[in-house]
Protein chains: 2
Amino acid sequence: MSEEMLHVSKIRNGTVIDHITGGHALDVVKILGITGQEKKVITIAINVPSKLFKRKDIVKIEGGELNPQEVHKIALLAPHATINIIRDYKVAEKHRVKLPPLIEGIIKCANPACISNSNEPVKSRFYVESEDPLLLKCHYCGYIIEKKNVLQQF
Amino acid sequence: MSEEMLHVSKIRNGTVIDHITGGHALDVVKILGITGQEKKVITIAINVPSKLFKRKDIVKIEGGELNPQEVHKIALLAPHATINIIRDYKVAEKHRVKLPPLIEGIIKCANPACISNSNEPVKSRFYVESEDPLLLKCHYCGYIIEKKNVLQQF
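Residues numbered from 1 in each chain as written. Chains lettered and ligands numbered in written order. Predicted model: local features only at pLDDT ≥ 70, side-chain atom pairs only at ≥ 80, totals over all residues. Heavy atoms only, no water.

Tell me what's going on with the overall build of chain A, and back it up with residues and numbers.
Scanning chain A from N- to C-terminus turns up 4 helices and 9 strands. For chain A, the succession of helices and strands along the chain, N to C, is α-β-α-β-β-α-β-β-β-β-β-β-α. When the backbone C-alpha atoms are referred to their principal axes, chain A occupies close to 55 × 30 × 25 Å. Counting every position in chain A, which comprises 154 residues, the buried fraction comes to 47%. Considering only contacts within chain A whose residues lie at least 6 apart along the sequence, 56% involve residues at least 24 apart. Working note: accessible area of chain A is about 8,000 Å², and carbon and sulfur atoms make up 52% of it. The average position of the 22 basic charges and that of the 17 acidic charges among the side chains of chain A differ by 2 Å. (Helix = DSSP H or I, 4+ residues; strand = E, 2+ residues; numbered from the N terminus. Buried < 20%, exposed > 50% of the residue type's maximum accessible area, 1.4 Å probe, protein only. Contact = heavy atoms within 4.5 Å. Areas by Shrake-Rupley, 256 points an atom, 1.4 Å probe, with all protein chains shown as cover. Lys, Arg positive; Asp, Glu negative; His and termini not counted. Charge placed at Lys NZ, Arg CZ, Asp CG, Glu CD.)

And the structure:
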């Protein structure tokens, strides 16, 4: 089985999302829209021991790098995640995800009566009240949305 | 990164589902009801090179073994899968999944008018017409259901 793991562990070019909150890798995969049908090599490790946290998840995606919108989506669910960009088998860039103080247009307000859910040309806007646990406050109606509300949208 | 992969690759007791049709590991994870919140160590490899097939997926689940109903569910989506039971770091049992010719009670008929979808005490029953691509024929109404119908139910 060691030969098999070698295949899996090394990626030439791609992205490693590390230090995802333990148990949330499948949520990260979901919000990135990954189904497996993309024919990319993907490795997902869930609840592995971590020095920094007790348990963490890791997602490795061969080929392609994440766009800023995707990085913000990850930050919503896994505020401690680090993104490693791999080029030619080496870590070329490493950065921590960071939620911007204002989140625009990525998620919808969970209040059906909110003006951002009407037909008006209004972009959703949230202030980050808390990163972990996630609490976002709608700019328009003051409604507080949580991680579970975010997950339901992807 | 090699130390990290070592953690991931070795499981003491558990199940390795190997030779899953390339790109279908997340479907297997879904039908097994795994979310990551179970706190078990799980590794998922998608679209890795395979000698037998061009690409394959692997799912490793630490702790616990699958029950026959779960094995049948996997067979529906990944007819070439092999199940390795790991005990004390060694492969204790190895078997290929096999669809029984008659599938009872696991999935629902996709025909809303089928008697198995009424309030009658009738268990669903399907004959396996083809394993790959999956085609199941309802015993009661003759309706043919495909892989996508099965996936929608989990």
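Could you give an account of the environment of B:Arg12, with specific residues and numbers?
All names here are of chain B. Inspection of the secondary structure assignment puts Arg12 in the loop between α1 (2-9) and β1 (14-21). Along the chain, Arg12 and Leu32 lie 20 residues apart, while their C-alpha atoms are 20 Å from each other. Those residues in contact with Arg12 that lie beyond four places of it in its chain are Glu62, Ile86, Arg87, Asp88 and Tyr89.

Describe the sheet that holds strand β9 (residues 144-146) of chain B, listing the residues and the values that go with them.
All names here are of chain B. Across the sheet, which stays open at both edges, the 4 strands sit in the order β6-β7-β8-β9 with antiparallel pairing between neighbours. Because the sheet does not close on itself, it has two edges, and the strands there are β6 (102-104) and β9. Pairs of neighbouring strands in the sheet enclose a mean axial angle of 35°, with direction left out of account. Sheet topology places β6 next to strand β7 (residues 125-130); 3 bridges connect them, and they run antiparallel. Residue Glu104 lies in a different strand from β7, and its bridge partner there is Arg125. (Pairing = 2+ DSSP bridges. Axes fitted to C-alpha atoms, helices over the stretch in contact; angles between N-to-C directions.)

How would you summarise the nonpolar core if you had to cite specific residues and measurements?
By size, the foremost hydrophobic cluster in this structure holds 76 residues, and its most contacted members are A:Ile17, A:Ile44, A:Ile74, B:Ile17, B:Ile44 and B:Ile74. Aside from chain neighbours lying at most four places away, what touches A:Ile44 is A:Ala25, A:Val29, A:Ile58, A:Val59, B:Leu26, B:Ile42, B:Thr43, B:Ile44 and B:Ile46. (Core = buried A, V, L, I, M, F, W, Y, C linked by side-chain atoms within 4.5 Å.)

Quick rundown of the confidence of the model for chain A? Include the residues and the values.
All names here are of chain A. When pLDDT is averaged across chain A, the result is 88; 94% of the residues are at 70 or more. Note on residues 1-8: pLDDT is under 50 here. Beyond four places in sequence and across chains, it has 12 contacts. The complex model carries a pTM of 0.83, and its ipTM stands at 0.82. (pLDDT = per-residue confidence, 0-100.)

Would you mind going over the sheet that holds strand β4 (residues 82-87) of chain A in detail, with residue names and values included?
Spatially, the 10 strands line up as an open sheet ordered β5(A)-β4(A)-β1(A)-β3(A)-β2(A)-β2(B)-β3(B)-β1(B)-β4(B)-β5(B), and their pairing is antiparallel. Strands at the two margins of the open sheet, each flanked by one partner only, are β5 (90-96) of chain A together with β5 (90-96) of chain B. On average, each strand axis in the sheet is inclined to that of its neighbour by 15°, with strand direction left out of account. Strand direction decides the pairing type here: strand β2 (residues 42-49) of chain A and strand β2 (residues 42-49) of chain B, joined by 5 bridges, are antiparallel. Its bridge partner being in β2(B), A:Ile46 is matched across the sheet by B:Ile42.

I'd like a rundown of helix α3 (residues 68-77) of chain B, residues and numbers included.
The α-helix advances 3.6 residues per turn, and as a result positions three or four apart in sequence lie on the same side. Residue and element names in this part refer to chain B. Buried residues of α3: Val71, Lys73, Ile74, Ala75, Leu76 and Leu77, and no others. Of the surrounding elements, those touching the buried residues of α3 are β1, α2 (25-31), β4 (82-87), β6, β8 (135-138) and α4 (147-152). Of the residues flanking the start of α3, the one acting as N-cap is Asn67, its side-chain oxygen 3.1 Å from the backbone nitrogen of Gln69. (Polar contact = N/O pair within 3.5 Å; in protein donor to acceptor, adjacent residues only side chain to side chain.)

Tell me about the environment of A:Lys148, residues and numbers included.
Within the element layout of this structure, A:Lys148 appears in helix α4 (residues 147-152). Between the alpha carbons of A:Lys148 and A:His80 there is a distance of 18 Å; along the sequence they are 68 residues apart.

I'd love a proper account of the pattern of salt bridges, names of residues and values included.
Residues and elements named next belong to chain A. Within the structure shown, the criterion is met by 10 salt bridges over all chains. The salt bridge partner of Lys56 is Asp18, with a shortest N-O separation of 2.9 Å. With Lys56 in strand β3 (residues 55-62) and Asp18 in strand β1 (residues 14-21), the pair connects residues that are 38 residues apart, well separated along the chain. The same class applies to Lys56 and to Asp18, which are both buried. One network of salt bridges, with partners in common, ties together Glu65, Arg87 and Glu93. (Salt bridge = Lys/Arg side-chain N within 4 Å of Asp/Glu carboxyl O.)

Break down the environment of A:Asp57 for me, with residues and values.
Residue and element names in this part refer to chain A. Relative to the elements of secondary structure, Asp57 occurs in strand β3. Here the alpha-carbon distance between Asp57 and Asn119, two residues 62 residues apart in the chain, equals 39 Å. When neighbours within four sequence positions are excluded, Asp57 is seen to be in contact with Ile17, Asp18, His19, Ile20, Thr21, Gly22, Gly23, His24, Ala25, Ala45, Ile46 and Asn47. A distance of 2.9 Å separates the side chain of Asp57 from the backbone nitrogen of His24, its partner in a polar contact.

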